[in-house]
Amino acid sequence: MRLFDTYTRGLRELPPPPGPIRIYVCGPTVYQRIHIGNARPFVLSMWLKRWLEESGYEARLAENITDINDKIYAAAPGHSAELAAQASGWYIEDTNLLGLGRPDHEPKASETIPEIVGLIGKLVDGGFAYPAGGDVYFRVAAFPDYGRLSGREGDHEALHNPSEEAERDELKEDRRDFALWKAHKEGEDTVWETPWGPGRPGWHIECSAMAEKFLGPVFEIHGGGNDLIFPHHENEIAQSRAAGDEFARMWMHNGMLQLTGEKMSKSLGNIVSLRDAVEQWGREAILLFFMNGAWRKPIDFSDEVMAQARAQADTFRNYFVGLDYEQGEIERDALARVLDDDFNTPEALALFHDWRARGQTASLRWGLELFGLGDLAQAVSAPEGLVALAEKRQEARANGDFGDADRLRSEIEDQGWEVRDVDGGFELVPK
């Protein structure tokens, strides 16, 4: 299997099965309900793990929850820990609606403080970090490869850290330096004691410590949205490799979800919560929406696009209406050809439609289940009462009583089903 690697700007082969393949994905900063765009890396990583395991790999996935962050302090002054705990629960609840299961590890920054402090201590001792005014900063000048992931190496202005968290530039040796530890400020309700004074971790060091705690000093894949390439992931590489660890061998960055051509984000206020989207469109339509987009590319979200995704879900669901479970040869190699080539989910979805058109029921059921869409492959039978109504309608049509036939059709539709005339009879399909 080969995947596009941001670091080398090309496709790279994974080691052969059984691996292992260890994956770390940056999860959300929790202070409100996540939006549907936040769900894309979660969905992608769960699908990738499922396919790797189907392909004979030992796959392990860690996806963190950032529960210490300036955004949380700002959202709930004096009560950030309470909000973070509540919003962490919302995140679990909302992503559970997708029916894909959970990552193997879901570490929280607040539960990884000893590892964070230990990692910062190694960097200070090695000359890669320095205390200043109760803060601790990473010394970018001491790490020559800084900027390689983002392609900004050598451009001092472009490498100035536009951190999402406020930092005190007057304490820095270099404007490129970034905070590993931050001195406690009035109004912050979480604080830990360290050799550099009381405070709390910066955002970037949290992920390095969590990844290494659960996956080790070297792992195969690091994932996340492409908005994290700089500075977040650039900083993760610098601090982990400066501490002597290889860290991630490959970087997967998914494209952003866009609402009418503009990136969906909490800061812009143009968000659609995942919970609301699932309630409106159904989880199967959400998953098919994500399948339709190549994972590295941006994907547009709109009512029209979601209506198309829901129509696709109905097409698959309707195929299985009245079908008994059938054993058959699964065309696994056909799916492997597209998924092993940079995890091409749009081509996988096209293959599913081809299987449906050719009546490859066993393959289609297997493929849908792999992507968490097994509910679409359930053989649904109409209630006996509706079958009786459809039979009466068929008799009315045969007798030329089309008014009664139309009345019976409406009665059936009022109960959420559609009657279709086919050769030799009728079909009842859920609406």
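Residues numbered from 1 in each chain as written. Predicted model: local features only at pLDDT ≥ 70, side-chain atom pairs only at ≥ 80, totals over all residues. Heavy atoms only, no water.

Observations concerning the environment of Leu-408
Okay, so step 1: Residue position: Leu-408 is located in helix H14 (residues 402-414).
Okay, so step 2: Residue Leu-408 is classed as buried on the basis of its relative accessible area, which comes to 3%.
Okay, so step 3: Considering only alpha carbons, one finds Leu-408 and Arg-393, 15 residues apart in sequence, at a separation of 5.8 Å.
Okay, so step 4: Ignoring anything within four residues of it in the chain, the contact list for Leu-408 reads Leu-389, Lys-392 and Arg-393. (Helix = DSSP H or I, 4+ residues; strand = E, 2+ residues; numbered from the N terminus. Buried < 20%, exposed > 50% of the residue type's maximum accessible area, 1.4 Å probe, protein only. Contact = heavy atoms within 4.5 Å.)

Some points on the sheet that holds strand E3 (residues 21-25)
Okay, so step 1: In spatial order, the strands read E4-E3-E9-E10; together these 4 strands make up an open sheet with parallel pairing. Of all the strands in the sheet, the pair left with one neighbour each is strand E4 (59-63) and strand E10 (247-254). Averaged over all adjacent pairs, the angle separating strand axes in this sheet is 25°, with direction ignored.
Okay, so step 2: Note: E3 against strand E9 (residues 218-225), 3 bridges, orientation parallel. Opposite Val-25, over in E9, you have Gly-223 as the bridge partner.
Okay, so step 3: Running at roughly 165° to E4, helix H1 (residues 39-54) makes contact with E3, E4, E9 and E10 of the sheet.
Okay, so step 4: Each of E3, E4, E9 and E10 is contacted by helix H5 (residues 203-215), which is oriented at about 155° to E3, the strand it contacts most. (Pairing = 2+ DSSP bridges. Axes fitted to C-alpha atoms, helices over the stretch in contact; angles between N-to-C directions.)

As for the pattern of salt bridges
Okay, so step 1: Applying the stated criterion across every chain, the model contains 33 salt bridges.
Okay, so step 2: Arg-358 is paired through a salt bridge with Asp-354; the nearest N and O atoms lie 2.9 Å apart. One end of the pair, Arg-358, and the other, Asp-354, are both in helix H11 (residues 345-358), 4 residues apart, so they sit about a helical turn from each other.
Okay, so step 3: Asp-421 serves as the salt-bridge partner of Arg-393, at 3.0 Å between the closest nitrogen and oxygen. Of this pair, Arg-393 sits in helix H13 (residues 384-398) while Asp-421 sits in strand E14 (residues 417-422), and the two are 28 residues apart along the sequence.
Okay, so step 4: Taken together, the shared-partner salt bridges connect Arg-283, Glu-284, Asp-314, Arg-317 and Asp-375 into one network. (Salt bridge = Lys/Arg side-chain N within 4 Å of Asp/Glu carboxyl O.)

Here's the deal with the pairing of E10
Okay, so step 1: The element E10 is largely enclosed, with a buried count of 7 among its 8 residues.
Okay, so step 2: Sheet topology note: the E9/E10 ladder contains 7 bridges and is parallel. Looking at E10, one finds that Phe-219 is bridged to Ala-248.
Okay, so step 3: Read from E9 through helix H6 (residues 229-242) to E10, the crossover connection turns out right-handed. (Right-handed = clockwise from strand over helix to strand, strands pointing away.)

Observations regarding the nonpolar core
Okay, so step 1: Counting residues in each nonpolar core, the largest one holds 75 residues, and the members touching the most others are Leu-98, Leu-335, Phe-343 and Phe-352.
Okay, so step 2: Once you skip the residues sitting within four places of it in the chain, Leu-335 turns out to touch Trp-51, Ala-348, Leu-351, Phe-352, Trp-355, Trp-366 and Leu-370.
Okay, so step 3: Ranked by size, the runner-up nonpolar core spans 43 residues in total, among them Tyr-73, Ile-113, Ala-243 and Trp-251. (Core = buried A, V, L, I, M, F, W, Y, C linked by side-chain atoms within 4.5 Å.)

Digging into H6
Okay, so step 1: For H6, with 14 residues, the first-to-last C-alpha span of 18 Å sits near the 20 Å given by 1.5 Å per residue.
Okay, so step 2: Here H6 lies mainly inside the structure; 13 of its 14 residues are buried.
Okay, so step 3: Where H6 ends, the next residue or the one after it, Gly-244, has phi of about 100°, a positive value. (Expected span 1.5 Å × (residues − 1).)

Concerning the packing of aromatic side chains
Describing an aromatic ring pair means giving the distance of the ring centres and the angle of the ring planes.
Okay, so step 1: A full pass over the atoms with the stated rule returns 16 aromatic pairs.
Okay, so step 2: With a centroid separation of 5.0 Å and an interplanar angle of 90°, the aromatic rings of Tyr-319 and Phe-320 are classed as edge-to-face.
Okay, so step 3: In this structure Tyr-319 comes out as buried when scored by relative accessible area, which is 19%.
Okay, so step 4: With relative accessibility at 0%, the residue Phe-320 sits in the buried group.
Okay, so step 5: One aromatic cluster is present, formed by Trp-47, Phe-343, Phe-352, Trp-355, Trp-366 and Phe-371 through successive ring pairs. (Phe/Tyr/Trp six-rings, centres within 6.5 Å; stacked < 30°, edge-to-face > 60°.)

Considerations on the sheet that holds strand E8 (residues 199-201)
Okay, so step 1: Reading across from one edge, E5-E6-E7-E8 is the order of the 4 strands in this open sheet, with antiparallel pairing throughout. The strands lining the two open edges of the sheet, one partner per strand, are strand E5 (129-132) and E8. Sheet twist, expressed as the mean angle between neighbouring strand axes with direction ignored, is 20°.
Okay, so step 2: The pairing of E5 with strand E6 (residues 135-138) spans 4 bridges and is classified as antiparallel. Residue pairing for E6: Ala-132 is matched across the bridge by Asp-135.
Okay, so step 3: Of the strands in this sheet, E5, E6, strand E7 (178-183) and E8 touch helix H4 (residues 113-125), which is tilted by about 120° from E7.

What to know about H11
Okay, so step 1: For H11, with 14 residues, the first-to-last C-alpha span of 20 Å sits near the 20 Å given by 1.5 Å per residue.
Okay, so step 2: Here H11 has its buried residues at Thr-345, Ala-348, Leu-349, Leu-351, Phe-352, His-353 and Trp-355.
Okay, so step 3: Close packing links the buried residues of H11 with H1, helix H8 (283-291), helix H9 (303-320), helix H10 (332-339) and helix H12 (361-370).
Okay, so step 4: For H11, the side-chain oxygen to backbone nitrogen distance between the N-cap and Glu-347 is 3.1 Å, and the N-cap itself is Asn-344.
Okay, so step 5: One or two residues past the end of H11 sits Gly-359, with phi positive at roughly 70°. (Polar contact = N/O pair within 3.5 Å; in protein donor to acceptor, adjacent residues only side chain to side chain.)

Topic: the side chain of Thr-95
Okay, so step 1: As for its placement among the helices and strands, Thr-95 is situated in helix H3 (residues 80-96).
Okay, so step 2: Since its relative accessible area comes to 0%, Thr-95 is described here as buried.
Okay, so step 3: At 3.4 Å, the side chain of Thr-95 forms a polar contact with the backbone oxygen of Ile-92.
Okay, so step 4: At 2.7 Å, the side chain of Thr-95 forms a polar contact with the side chain of Arg-102.
Okay, so step 5: Those residues in contact with Thr-95 that sit more than four places away from it in its chain are Ile-34, Phe-42, Arg-102 and Leu-274.

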